Amino acid sequence: MRGLRTIILTALLACAGCYDDAPAPLAPQTPAPPPNLTIGELIARCGDSPTTIVQEIAIAGRVTSSDAAGNFYRSLFLQEEGRSAELLAEVDDLHLLYPPGTLLTIRLQGLTLGRRYGVLQIGTADASGIARIGSRALLERHVTPDPAAAAVPPPASLHPGEATPERCGSLVRCAPLWAVAAPDEIPEERTWRGYRRFAGPDGDTLTVYTSDYARYADAPLPAGRVALTGLLQYGPDGAGGKTFLIKMRDENDCTPLP
């Protein structure tokens, strides 16, 4: 398998397809193992090439994304101490299985790590390098939710010019911002769909990406000052280049400002 390698974390040892729908979560069958790596430590040990985990490694983090509005598809983001990872699964309505703020412990042994849009991804191996976990049964074998009350980490304040690769995947809030229209566009007819640029007071910009399948894709862009909250990524800017992106969870992640 091209580009696929196996990760052996000697330092850690010294220290320590089918498609599925998601009804209500099941009670975990086995207790969650104690995490033995932080998400930040895992990111530091993994490169960009797909990597299959053979050691008994567990991480934990709280869910910061939601697929309820359709802007995220069969994946969820989890965050711990400002560092984040994306879990890929062939399961719809993951927000019902693991609501935002749920603390998840993930057993990584047998799973594959990769990186896309600047974010560490967790899935399974395939010919292209990494794929979604193929069923709910397999997902629940690796993921254990904590029954304690959910608590979404507060978004970190971010100026458009301060975005860095290390922050990719994290929940951030940018304000104040204004939607930027291209010269040939009519601002009143612009919607959220696709790639939309926003600018701050000093002219620094960032791009917001909205899927065609998001329930608010055809809603008009705001005309005034706003605060935007979402998951930070690094990827296509819609014009042939690359840039830092914000991917909102739903329309409520855009808040008008006076």
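What you are looking at is a predicted structure, and each value in this text was computed from that prediction instead of being measured.

The rules behind each value
- Residues numbered from 1 in each chain as written.
- Predicted model: local features only at pLDDT ≥ 70, side-chain atom pairs only at ≥ 80, totals over all residues.
- Heavy atoms only, no water.
- Helix = DSSP H or I, 4+ residues; strand = E, 2+ residues; numbered from the N terminus.
- Areas by Shrake-Rupley, 256 points an atom, 1.4 Å probe, with all protein chains shown as cover.
- Core = buried A, V, L, I, M, F, W, Y, C linked by side-chain atoms within 4.5 Å.
- Buried < 20%, exposed > 50% of the residue type's maximum accessible area, 1.4 Å probe, protein only.
- 1 Å grid on protein atoms, 1.4 Å probe; cavity = no way out; pocket = protein on both sides within 12 Å on 5 of 7 lines; lining within 4 Å.
- Points joined across faces, edges and corners; volume = space filled by probe spheres on them.
- Nonpolar A, V, L, I, M, F, W, Y, C, P; charged D, E, K, R; others polar.
- Pairing = 2+ DSSP bridges.
- Salt bridge = Lys/Arg side-chain N within 4 Å of Asp/Glu carboxyl O.
- Contact = heavy atoms within 4.5 Å.
- Phe/Tyr/Trp six-rings, centres within 6.5 Å; stacked < 30°, edge-to-face > 60°.
- Lys NZ or Arg CZ within 6 Å of the ring centre and 35° of its normal.

K.L.:
Report on the overall build of the protein chain, specifying residues and quantitative values.
P.N.:
Secondary structure summary: the protein chain contains four helices and 16 strands in total. Carbon and sulfur atoms make up 53% of the accessible area of the protein chain, which totals about 12,300 Å².

K.L.:
How would you explain the nonpolar core if you had to name every residue and give the values?
P.N.:
In this structure, Leu 87, Tyr 98, Ile 106, Leu 108, Ile 122 and Leu 139 are the most contacted members of the largest nonpolar core, which totals 28 residues. For this core, the element with the most residues is helix H2 (residues 39-45), which contributes three residues.

K.L.:
Account for empty space enclosed by the protein, naming residues and giving values.
P.N.:
A volume near 40 Å³ is recorded for the largest cavity. Considering the residues around the largest cavity, the lining is formed by Val 63, Ser 65, Ser 66, Asp 67, Ser 75, Leu 76, Leu 94, His 95 and Tyr 98. Elements represented by at least two residues in the lining of the largest cavity include exactly strand E4 (75-80) and helix H3 (94-97). Partitioning the lining of the largest cavity into residue classes produces four nonpolar, four polar and one charged.

K.L.:
Outline the pairing of strand E8 (residues 119-123), listing residues and values.
P.N.:
Along a regular strand, successive side chains alternate from one face of the sheet to the other. Burial runs high along E8: five of the five residues are buried. Here E8 shows no split at all, with Val 119, Gln 121 and Gly 123 on one side and Leu 120 and Ile 122 on the other all buried. In terms of strand pairing, strand E5 (residues 83-88) meets E8 through three bridges, oriented parallel. Along E8, the bridge assignment pairs Leu 87 with Ile 122. With five bridges joining them, strand E7 (residues 112-116) and E8 adopt antiparallel strand pairing. Residue pairing across strands places Arg 115 opposite Leu 120, the latter belonging to E8. Here E7 folds back onto E8 in antiparallel fashion, the turn holding two residues, of which Tyr 117 has a positive phi close to 55°.

K.L.:
Kindly report on the pattern of salt bridges, identifying the contributing residues and their values.
P.N.:
Between side chains of opposite charge, a pair can form as their charged atoms come close. The final tally for this structure, using the stated rule, is nine salt bridges. The shortest N-O distance in the salt bridge between Arg 215 and Glu 251 comes to 3.1 Å. Taken together, the positions of Arg 215 in the loop between strand E13 (205-210) and strand E14 (226-236) and Glu 251 in the loop between strand E15 (242-247) and strand E16 (254-256) put the pair 36 residues apart, joining distant regions of the chain. Residue Arg 215 is classed as exposed on the basis of its relative accessible area of 52%. The network of salt bridges with shared partners includes Arg 74, Glu 90, Asp 92 and Arg 132.

K.L.:
Describe the side chain of Thr 229, with residues and values.
P.N.:
Tracing the sequence through the fold places Thr 229 in strand E14. When near neighbours in sequence (up to four residues on either side) are disregarded, Thr 229 contacts Pro 155, Leu 171, Val 172, Arg 173, Ile 246, Met 248, Arg 249 and Asp 253.

K.L.:
Report on unusual backbone geometry, specifying residues and quantitative values.
P.N.:
Along the chain, Ala 175 connects to Pro 176 via a cis peptide bond; the corresponding omega equals -10°. In this structure, Pro 176 sits in strand E11 (residues 171-179). Despite not being glycine, Arg 74 has its phi angle at roughly 50°, a positive value. Within the fold, Arg 74 resides in the loop between strand E3 (58-63) and E4. Exposure remark for Arg 74: the relative accessible area of 9% places this residue in the buried category. With a phi angle near 55°, Tyr 117 is a residue other than glycine that sits in the positive phi range. Overall, the relative accessible area of 27% leaves Tyr 117 in the partly exposed class.

K.L.:
Could you give me a rundown of the pairing of E11, with the residues and numbers involved?
P.N.:
The pairing of strand E10 (residues 156-157) with E11 spans two bridges and is parallel. Paired with Ala 156 across the strands is Val 172, a residue of E11. Of the pairings in the sheet, the one linking E11 to strand E12 (residues 194-199) comprises two bridges and is antiparallel in character. Looking across to E12, one finds that Ala 179 is bridged to Phe 198.

K.L.:
Go over the packing of aromatic side chains with me, naming the residues and quoting the values.
P.N.:
What the rule picks out here adds up to five aromatic pairs. An angle of 15° between the planes, with centres 5.7 Å apart, marks the rings of Trp 192 and Phe 198 as stacked. Between the aromatic rings of Tyr 234 and Phe 244, the centroid separation amounts to 5.0 Å while the plane-to-plane angle is 65°, which identifies the pairing as edge-to-face. Residue Tyr 234 is found in strand E14, and its partner Phe 244 is found in strand E15; the two are separated by ten residues along the sequence. Ring pairing ties together the aromatic residues Trp 192, Phe 198 and Tyr 216, which thus form one cluster. Seen from the ring of Tyr 117, Arg 116 lies directly overhead, with NZ or CZ sitting 4.4 Å from the centre. In this structure, Lys 247 packs its charged tip against the face of Phe 72, placed 4.7 Å from the ring centre.

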